[in-house]
Amino acid sequence: MKSIQYTEHGSDYDAMLQLVDDASDATSTPPPAGFATVKIAVASGNPIDFKVAQGAMKGAWDCPIPMVMGYDFSGSIVAIGADSSSFKVGDDVFAVNWGQNQHKPT
């Protein structure tokens, strides 16, 4: 999996953003009940990504470091957890990834 991550908060994006090539395979572990694994084709960098990167949401949200950018994405479902009847493997989807329990007040 390739992703753009930041490891600190700030606005010097050239210094803090890095392309990470993670050799792990997300499809090796089945998704839990009610969830799906999506092979992402496209992700976007939106204003909220940059506000979080700058640290503007610290204190309001739990902002773990390192953080993967790209809240909005589209792709294809490659695995489905139990009790996921609305979708099937092969479906093309788009979503906003707020991260499970990542954006709760701290």
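Given the structure is predicted, the values throughout are model-derived calculations rather than measurements.

What about the overall build of the protein?
- The secondary structure content of the protein amounts to two helices and six strands.
- Listing every helix and strand of the protein by position from the N terminus yields β-α-β-β-α-β-β-β.
- By residue count, 25% of the 106 residues in the protein fall in the buried class.
- For the protein, the accessible surface area stands at approximately 7000 Å², while carbon and sulfur atoms represent 55% of it.

Looking at the sheet that holds strand 3 (residues 36-43)
- Ordered by their spatial adjacency, three strands build an open sheet running 3-5-6, and the pairing between neighbours is antiparallel. The two strands at the open ends of the sheet, each matched to only one other strand, are strand 3 and strand 6 (92-96). Neighbouring strand axes in the sheet, compared pairwise and without regard to direction, differ in orientation by 45° on average.
- In this structure, strand 3 lies alongside strand 5 (residues 72-80), joined through seven bridges in antiparallel fashion. Its bridge partner lying in strand 5, I40 is registered against G75.

Comments concerning the environment of V89
- With respect to the element layout, V89 can be found in the loop between strand 5 and strand 6.
- Here V89 falls in the exposed class, since its relative accessible area comes to 53%.
- Expressed as a C-alpha distance, the spacing of V89 and V38, which sit 51 residues apart in the sequence, is 9.1 Å.

Some details on the packing of aromatic side chains
- Counted according to the given criterion, the structure contains one aromatic pair.
- Taking the centre distance of 5.2 Å and the plane angle of 80° together, the rings of Y13 and F50 count as edge-to-face. One end of the pair, Y13, is in helix 1 (residues 13-16); the other, F50, is in helix 2 (residues 47-54), with 37 residues separating them in the sequence.

Some thoughts on the confidence of the model for the protein
- Residue-level pLDDT values for the protein average 81, and 87% of them are 70 or greater.
- Strand 5 holds the highest mean pLDDT among the elements of the protein, 92, whereas strand 4 (residues 67-68) holds the lowest, 82.

Here we look at the sheet that holds strand 1 (residues 2-6)
- Ordered in space as 2-1-4, the three strands form an open sheet in which the pairing is antiparallel. Pairing within the sheet leaves two strands with one partner each, and these edge strands are strand 2 (17-21) and strand 4.
- In this sheet, strand 2 lies alongside strand 1 in antiparallel orientation, the contact comprising five bridges. Each residue of the ladder has a partner; that of K2, found in strand 2, is D21.

Some remarks on the environment of F73
- By secondary structure assignment, the location of F73 is in strand 5.
- As for F73 and S44, which are separated by 29 residues in sequence, their C-alpha atoms are 6.4 Å apart.
- With near-sequence residues (within four places) excluded, F73 lies in contact with V38, I40, V42, A43, V93, F94, A95 and N97.

Calculation notes
- Residues numbered from 1 in each chain as written.
- Predicted model: local features only at pLDDT ≥ 70, side-chain atom pairs only at ≥ 80, totals over all residues.
- Heavy atoms only, no water.
- Helix = DSSP H or I, 4+ residues; strand = E, 2+ residues; numbered from the N terminus.
- Buried < 20%, exposed > 50% of the residue type's maximum accessible area, 1.4 Å probe, protein only.
- Areas by Shrake-Rupley, 256 points an atom, 1.4 Å probe, with all protein chains shown as cover.
- Pairing = 2+ DSSP bridges.
- Axes fitted to C-alpha atoms, helices over the stretch in contact; angles between N-to-C directions.
- Phe/Tyr/Trp six-rings, centres within 6.5 Å; stacked < 30°, edge-to-face > 60°.
- pLDDT = per-residue confidence, 0-100.
- Contact = heavy atoms within 4.5 Å.

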